[in-house]
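Architecture at a glance
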Amino acid sequence: MPEGSGGSPRTLAEALRARDDEELAALLRARPDLLSPVPNDVTQLATRAGTRASVVRALERLDRFALQTAEALAVATDPAPYGELLALMTGDDRDATTEAALPQALETLRRQALVWGGDDRLRLVRTARELLAPSPTRPSPTGLGPTVTEATAGMSPGRLQEILAVAGLPTTHDPVSAVAALTSLFTDRTRMAALLDTAPSDALAVLDRLVWGPPYGEVTADPTPPVRWLRDRGLLLPASARTVVLPREVALHLRAGRAHRTPEPVPPAVVPAAEHRPQIVDSTAAGQAFTALTTVEDLLKDWHEGGPAVLRAGGLAVRDLKRTAAALDTSEQLAAFWLELAYSAGLLATDGEADERYAPTPAYDEWLELPPAERWGELAVAWLTATRTPGLVGSQDAKGRTLSALGPELDRSVAAEVRHRVLKLAAGLPHGAAPDPETLLARLRWERPLRGDTAGTGKDLRARVATWTLSEAELLGVTGRGALSTHGRALLDGEPVDGDGDAHADGDALADRRARAVKALAPLLPEPLDHVLLQADLTAVAPGPLERPLAETLAVLADVESKGGATVYRFTPASVRRALDAGKAASDLHTFLVTHSRTPVPQPLSYLIDDVARRHGHLRIGAASAYVRCDDDAVLGEILADKRSHGLGLRRLAPTVLAAQADPGALLEGLRAMGYAPAAESAEGDVLITRAHARRTPPRTAPSPVPEGPPVPDRTLLGAAVKAIRAGDMAATVARKPAAEQVGPRPGELPRTTSAETLATVQAAALTGSALWIGYVNAEGTASQRVIAPVRVEGGFVTAYDHTADEVRTYPLHRITGVAELADDAT
Amino acid sequence: MNGPLIVQSDKTLLLEVDHEQADACRRAIAPFAELERAPEHIHTYRVTPLGLWNARAAGHDAEQVVDALVEYSRYPVPHALLVDVAETMARYGRLTLSKHPTHGLVLTTTDRPVLEEILRSRKIQPLVGNRIDPDTVAVHPSERGQIKQTLLKLGWPAEDLAGYVDGEAHRIDLDESGWALRPYQKQAVEGFWHGGSGVVVLPCGAGKTLVGAGAMAQAKATTLILVTNTVSARQWKHELVRRTTLTEDEIGEYSGTKKEIRPVTIATYQVLTTKRKGIYPHLELFDSRDWGLVVYDEVHLLPAPVFKFTADLQARRRLGLTATLVREDGRESDVFSLIGPKRFDAPWKEIEAQGYIAPADCVEVRVNLSDSERLAYATAEQEEKYRFCATTATKRRVTEQLVHKHAGQQILVIGQYIDQLDELGEHLEAPVIKGETPNAQREKLFDAFRSGEISVLVVSKVANFSIDLPEATIAIQVSGTFGSRQEEAQRLGRVLRPKADGHKAHFYSVVARDTIDQDFAAHRQRFLAEQGYAYRIVDADELLAGEDPVH
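Every value quoted in this text rests on a predicted model; they were computed, and no experiment measured them. Per chain, residues are indexed from 1 in the order of the written sequence. Chain A is the first chain written and ligand 1 is the first ligand written, with later ones labelled in order. Predicted model: local features are reported for residues with pLDDT of at least 70 only, side-chain atom pairs are reported and counted for 80 or more only, and whole-chain, interface and lining totals are derived from all residues.

Remarks on the overall build of chain B
For the purposes of this entry, the term helix denotes a DSSP run of H or I that reaches at least four residues, the term strand denotes a run of E that reaches at least two, and both are numbered from the N terminus. From N to C terminus, chain B includes 22 helices and 23 strands. The burial criterion counts other C-beta atoms lying within 10 Å of a residue's C-beta, which is placed from the backbone; the residue is buried at 20 or more, exposed at 12 or fewer, and partly exposed between these limits. Residues counted as buried form 48% of the 551 residues belonging to chain B. Residue pairs at least 24 apart in sequence account for 72% of intrachain contacts in chain B once pairs closer than 6 positions are excluded. Placing a C-beta atom from the backbone of each residue, one calls two residues in contact when those atoms lie within 7 Å.

Right, dumping it as structure tokens:
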């Protein structure tokens, strides 16, 4: 940080203005939110950098030590010289590691414009100071309380002088110098030690309880002697009627000057949990990579002719997820992962039809054509950069709705960053070493201490994403036996291990890295085979992955019995028939088997194919609308030969039978027109005689009589009706004051006032406790008039005693159409 | 990586048998993986929890299993599978059954939550007694088998350290003059003795009786032998007198006709399961002596009451003998948990290759029904359908043709339906042995067949098991018990005994085309096809037309 020769900068804007372009660029890179929209000038930049939202965001992205440094600055004097900060961080015993790491942390804070000013006048941005400094409602992360000055504000001068006296200090003329005297006593290690030496041991125990925070303690109206001893000497100062606080200076003395109990200047190391031979890691990962490819293929093949329907709220129904999991022979959680992976890679999407379903995309067909390693590259990159978090599937969101796979609620922006960071940390270990998940999580927590624990889940999202990343990387074959593989490493190359963690690398570099990973993986994947082994128990074993056309034909001709490195197929009559149905001839199948079998085709298998083929198509089935039957096949020949019969769609099935596409009526007409005298046949084969048909409805009951007017109401209904009428009556007839400058609504009409008036009137009524007449529209849109006595108005709601309903109710202000005061005589 | 083994995600292991490392690999995986199918090129093994626990019981640990898989695998072994293996094996031994000096049989645990979990099971509660301390609970001695079986089903197999009773000693030695136990028989005996109790699986004709005799010579104690029928009992007796130092007087027969209890007693399943007034009077046989060894012949036929009783016999050594551990009722796992795990198993083809069983040519002859038969078949009642197509007249002609073709050789015609067999017997001028044939008559006919006096014998399913017909070279099966795989294996076994002149055996199965007979045949043949005995299929028309498609 350049020191202005004309003195230190007086404001953040001045400090920023003094920075060179590169430093400004660094600031904007670290805090990109300052850029949207681009600020007009440095003053505006400084203002924006000081806004609460931006400062919170910047603080959340600090690592633990930088944050600790900022926290220390927040409890130091403002501005603080470097020496004071150093003392706060290292304590009286001057921890060397912390001392060495401090300039770096301070530099980080300066770069992010959280701290400005020269080393003699370090200033924490005011907003950050407010966020991090202790206040009575929110204790500081340091566990330190307010300073003596702050704690004694509002204390009577007499009481102050008493404290000075008991503490053994000379009395002063005014409170300010009294506070100064007390402060200088507390900050003087020697005198303070002497003072504490005289303290009774149970008083020291009280201090011990408060020293590392929270610094507040509850006291009774008649405090115990040790508390009284401390309070008399100002070592505890009153915070409110029933609480006392340990002043910051005293706590610091007791802490030997340290702001933090345990400064963590060094990031916790990620420790290997196991070490494997790099070859084993690579081959295991490659094997898993191959499995991942087949799994995604299996999944989408299953949905080849259209997948399950899309839920109205988006996503996949639980039932469909279960079905998919069963089809993939895996758990629902894993099925969700594969689905999300295919979705992130653009291989799977909704079809956008009115009756929306999932289906593979055209990109899937292109993907299928790629070599295996390339296919893996697509999946791996999609996974690495996706913000989708399949791990959340099945859990519930804040509103208690279950998150469904492929649903709209699964994007978590932190996912890509954490995923990248986890792999990056794993890459920091030697080749073949699998990181210990616990140390990895500890490291992640150190790097982003504030982005932790989000409400009640037990584990924060970052930690969960990190855990998922480890298992997903294994599934995808990025890691093998927990250790990052060569091709996994290639995906990450190009960034320093201790980079600041922003995973948004530009596209080009990513494409390069993908290409390198693909190149590393390609030789490890098994070569597709062009042959199988046929066995006499009617199975075929493919001792490795098969070439695609071979695999596809075989999948039709035989049933898959077992999958994995190899595939076992079983031939059954049904599977052979399937192949014949698909248009293959028996001879094709024989040739196919001879060509692709490394072993002689077993006799039972050839026999099976011939036996099924013998019967295949023995029975033929088709659709016809009508038939022509005639014992004289010459007549049928005549009809077929006649040009006029062409429109009837006639076809000869047997010498004496013609099938027609035309319906029986049209056929009769057509043949008559051709000069024949056909007769119609019934389904039983009798000749149908044409005659007029009587048409009847299905059975129907006679209509029941409709009496005049509604039925006579019963007693209950009548009672309720009367009560309702009376209540409405009261609301409508009470006399009310006309609203200001407005003609009061006619009886029976809802009052109308502007929302400001409504609010003012209701608030006034709440204060005076008077009743109001309101018009109200409920959630169903029904309007009503009510007489209410407001009790409380807050948060857009009026809580009031409702005279109409005779109970206390709450009304949203925006549903009140208007109010009118009741005429005085009505209440 | 170019190993002979491929590990599948469904936990099957595919072993390429022609690979140079195949033998080593087979030895490495045999302790924990069950051989499921052994056709010509690729053998399928399966890794099951039971197999892994048996491996643990035999002293193998998870690391050895993982090493074997990783070393021989052609492709990387899925990590999840390795983890699963380790986890499954770690479940074994958390519970142990042992003898407590004061409390008798007790179940102890090294992992208290497991004990808590199983004690909450309703199935375990009636089997255990008092809680002795937090880690120990007493077990009723009579429930030793039952609790082991139940724990196995709950997934927490108990290690049984309670040991065996020696039983009443009785001197038995093998009399190996002029013959010797074959190497695989020795291995089988050693495997059994080392494991304590268990099942030995050997093909028919491979000399299971001698494995039994060998085990008795090891035990040197009174022995109870359970067999399927009286003929079989006589043959056991005959064989034991011939092959061991036992004399006729030391061997008793406990059957429908005789009730002798001697140091070695041979009883039939039938007599044991005879029920009178709701009780099994003959089950006391188990307690009548202090048996040191119980041998179950054809253990796949073990009837349910004997099952129950076996559960109470856990303190005695048990040996099960069978050719096929497939049970049509799916109770294979009961055999494992009650008699003991499989201690020895050899693929049929391997023993054939060593020359101990005859090579066999299996042929399925497909018979067309005549048009009128087809119509009658189509309209037959569902339960009559199989009988109808299995006994079609065309089968008779085909059988005659086959008998004619192999004239001069020893031929067995095997069938299910008595009418059909009688008719065949008439046409072939051959004697018929069926259920009603008295035992004396049966043995007479068998002797005549053995000596070659008669060359064709028609038998019903009474001859399915344990009859010793050394020179039968041709078997023609005309009908069977629906889709029974083990019956098919037993029947093939009839012709597998090695032939004096070393020539090939033939096994014909005559099947009616396009009927359920054909479906059943496919199911029946599956076990043998998986053992490498593939059927060739020929058309009856060709056979009848005098062409010789068989050769």
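Description of the interface of chain B and chain A
Size of an interface: often given as the accessible area lost when the parts come together. Taken together, the contact pairs 24 residues of chain B with 23 residues of chain A. For the side of chain B that touches chain A, the elements supplying multiple residues, two or more each, are β1 (5–7), β2 (12–16), α21 (516–530) and β23 (535–539) of chain B.

A few points about the environment of B:Phe446
Residue position: B:Phe446 is located in helix α19 (residues 439–451). Taking the C-beta count within 10 Å as the criterion, B:Phe446 has 19 such neighbours and is therefore assigned partly exposed.

Section: helix α20 (residues 372–385) of chain A
Here the expected length of a helix is defined as 1.5 Å per residue gap, with one fewer gap than residues. The terminal C-alpha atoms of α20(A), which comprises 14 residues, lie 20 Å apart, in line with the 20 Å expected from a rise of 1.5 Å per residue. Taken residue by residue, α20(A) has A:Pro372, A:Ala373, A:Arg375, A:Trp376, A:Gly377, A:Glu378, A:Leu379, A:Ala380, A:Trp383 and A:Leu384 as its buried positions.

Considering the pairing of strand β13 (residues 264–268) of chain B
All names here are of chain B. Counting buried positions over the 5 residues of β13 gives 5, a clear majority of the element. Neither face of β13 is left uncovered, since the one carrying Val-264, Ile-266 and Thr-268 and the one carrying Thr-265 and Ala-267 both have all their residues buried. The pairing criterion for strands is at least two bridges between them, as found by DSSP. Both strand β11 (residues 223–227) and β13 contribute to a ladder of 5 bridges, which runs parallel. Along β13, the bridge assignment pairs Thr-223 with Val-264.

Some points on the packing of helix α17 (residues 318–328) of chain A against helix α18 (residues 332–344) of chain A
Residue and element names in this part refer to chain A. Axis geometry follows a simple rule: fit a line to the C-alpha atoms, using only the stretch in contact for helices, then measure angles between N-to-C directions, giving values from 0 to 180 degrees. Two elements in contact, α17 and α18, have axes separated by 8 Å at closest approach and are oriented at 95°. Relative to α18, the element α17 is oriented roughly perpendicular. Across from Leu-321, Lys-322, Thr-324, Ala-325 and Leu-328 in α17, the residues of α18 making contact are Glu-332, Ala-335, Ala-336, Trp-338 and Leu-339. Under this grouping Gly is polar, as are all residues other than the nonpolar Ala, Val, Leu, Ile, Met, Phe, Trp, Tyr, Cys and Pro and the charged Asp, Glu, Lys and Arg. Among the residues making up the contact of α17 with α18, the classes are represented as 7 nonpolar, 1 polar and 2 charged. An angle counts as roughly parallel when it lies under 35 degrees, as roughly antiparallel when it exceeds 145, as roughly perpendicular when it falls between 65 and 115, and as oblique in every other case.

Observations regarding the nonpolar core
All names here are of chain B. Core analysis: the largest hydrophobic core is formed by 110 residues, its most contacted members being Val-200 and Ile-476. When residues of this core are assigned to their parent elements, the largest contribution, 7 residues, is made by helix α8 (residues 208–219). Delimitation of the domains relies on an automatic or database domain assignment. In terms of domain composition, this core takes at least three residues from each of domain 3 (183–351) and domain 4 (358–544). Look past the residues within four positions of Val-200 in its chain and what remains in contact with it is Ala-188, Phe-192, Val-211, Leu-319, Leu-321, Arg-343 and Phe-344. Linking buried Ala, Val, Leu, Ile, Met, Phe, Trp, Tyr and Cys residues through C-beta atoms within 7 Å yields a set, and such a set is a nonpolar core.

Comments concerning the confidence of the model for chain B
pLDDT runs from 0 to 100 and stands for how confident the predictor is about each residue. On average, chain B scores 85 in pLDDT, and the residues at 70 or more come to 97%. Here the prediction assigns the complex a pTM of 0.70, and the interface score ipTM is 0.85.

Some remarks on the sheet that holds β1(B)
All names here are of chain B. One open sheet accounts for 4 strands, arranged β1-β2-β4-β3; its pairing is antiparallel. Among the strands making up the open sheet, the edge pair consists of β1 and β3 (33–37). Along the sheet, successive strands turn relative to each other by an average axial angle of 30°, direction set aside. Looking at chain direction, β3 and strand β4 (residues 42–47) are connected through 4 bridges and run antiparallel. Of the residues in β4, the one forming a bridge with Ala-33 is Val-47.

Overview of helix α7 (residues 183–195) of chain B
Residues and elements named next belong to chain B. Helix length check: α7, at 13 residues, gives a terminal C-alpha distance of 18 Å against a target of 18 Å (1.5 Å per residue), a fit within 8%. Every buried residue of α7 is accounted for by Tyr-184, Gln-185, Ala-188, Val-189 and Phe-192. Buried positions in α7, seen along its axis, are confined to an arc of 145° and lie on one side of it. Of the residues in α7, the exposed ones pointing more than 90 degrees away from the buried face are Pro-183 and His-194. In this structure, the buried side of α7 is in contact with β10 (198–201), α8, β15 (317–322), β16 (342–345) and α14 (348–353). Downstream of α7 by one or two residues, Gly-196 has phi in the positive range, about 95°. The arc refers to the directions leading from the helix axis to the C-beta atoms.

Considerations on unusual backbone geometry
The phi dihedral of A:Leu538 falls on the positive side, at around 65°, and the residue is not glycine. Within the secondary structure, A:Leu538 is located in the loop between β12 (533–535) and β13 (539–542). On the basis of neighbour counts, which here come to 24 C-beta atoms within 10 Å, the residue A:Leu538 falls in the buried class. Positive phi is not limited to glycine here, since B:Lys11 has a value of about 70°. With respect to the helices and strands, B:Lys11 occurs in the loop between β1 and β2.

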